[in-house]
Amino acid sequence: MSTHAVRVIGRGRAGRSLATALGRAGWGLGGVLGREDDGREAASGVDLLVLAVPDDAVAAVAAAIEPVPSTVVAHLAGSLGLEVLAPHERRAALHPLASLPSPEVGAERLRGAWFAIAGDPLIEEVVEALEGRAFSVADEHRAAYHAAAAIASNHLVALLAQVDRVAKTAGVPFDAYLDLVRATVENVAALGPVDALTGPAARGDEATISRHLEALPERERALYDVLAEACRQLAACES
């Protein structure tokens, strides 16, 4: 059982997921506050204060809190460094590399997740309590790190939405493609992106790519074109 206590500012999915997960891990909970609450004394009485607010609000929320020298103030923003947490002496960043669609599901996914961390060593104890895996990201690299996270999750969702739309034009159920997606991810994990690439662009089959483009609704062609070119470039890495 941990002797640490945590308080969270932010009642969104991320903040409530983290509060739930740490509570289950034995941390004392000092409550989950909303941004509309008076948070001037939010750093008092806890070891860790987590700002689970939108990225563009972190600096203003941090500045409105009276510093407590013994309390670590951390944010969950993937793209921000530690400077936004001034004037607090003990600062940290904790970004879970996980999708948190709801507080209940999010709390489960935080256990064993990867976390991008920086700053005060107490944040390593958070990761340890959640049985997670941590890697450090310096302030100057956090925007690039977070861009990769957006590509891996958000852009993938947008791409799968295109699969769904195009599959419907052929009368094929979307679910039929999901096993292919899962197997592809497993191939990338086992072989790396270059060796896992298959399909017409990988084998230089431009005639098939042309047939694809002719069959696609016009609004779907631009994204297909961009990604087909990315596949060509990836295939060139192998040769």
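Residues numbered from 1 in each chain as written. Predicted model: local features only at pLDDT ≥ 70, side-chain atom pairs only at ≥ 80, totals over all residues. Heavy atoms only, no water.

Observations regarding the pairing of strand β2 (residues 28-33)
- Relative to β2, strand β1 (residues 5-9) is paired through 4 bridges, and the arrangement is parallel. If you follow Ala5 over to β2, its bridge partner there is Gly28.
- Handedness of the crossover joining β1 and β2 through helix α1 (residues 13-24) is recorded here as right-handed. (Pairing = 2+ DSSP bridges. Helix = DSSP H or I, 4+ residues; strand = E, 2+ residues; numbered from the N terminus. Right-handed = clockwise from strand over helix to strand, strands pointing away.)

Concerning the nonpolar core
- If you look at the biggest cluster of nonpolar residues, it comprises 27 residues, and the most contacted ones within it are Leu48 and Leu94.
- Only β1, α1, β3 (48-51), β4 (72-75), β5 (91-96), α3 (103-110), β6 (114-119) and α4 (122-129) provide two or more residues apiece to this core.
- The element that contributes the greatest number of residues to this core is α4, accounting for 5 residues.
- Once residues within four sequence positions are removed from consideration, Leu48 is found in contact with Ala5, Val6, Arg7, Trp27, Thr71, Val72, Ala74, Leu122, Ile123 and Val126.
- Listed in part, the 16 residues of the second largest apolar core include Ala42, Ala57, Val58 and Ala62. (Core = buried A, V, L, I, M, F, W, Y, C linked by side-chain atoms within 4.5 Å. Buried < 20%, exposed > 50% of the residue type's maximum accessible area, 1.4 Å probe, protein only. Contact = heavy atoms within 4.5 Å.)

Some remarks on the environment of Arg35
- As for its placement among the helices and strands, Arg35 is situated in the loop between β2 and β3.
- Separated by 103 residues in sequence, Arg35 and Ala138 place their C-alpha atoms 28 Å apart.
- Leave out the neighbours within four places in its chain, and Arg35 touches Val53, Pro54, Ala57 and Val61.

Some remarks on the pairing of β3
- Alternating positions in β3 separate into two faces, Leu48 and Val50 on one and Leu49 and Leu51 on the other, with burial throughout.
- Relative to β3, β1 is paired through 4 bridges, and the arrangement is parallel. Bridging from a neighbouring strand, Arg7 pairs with Leu49 of β3.
- This β-α-β element, β3 to helix α2 (residues 58-63) to β4, shows right-handed connectivity.

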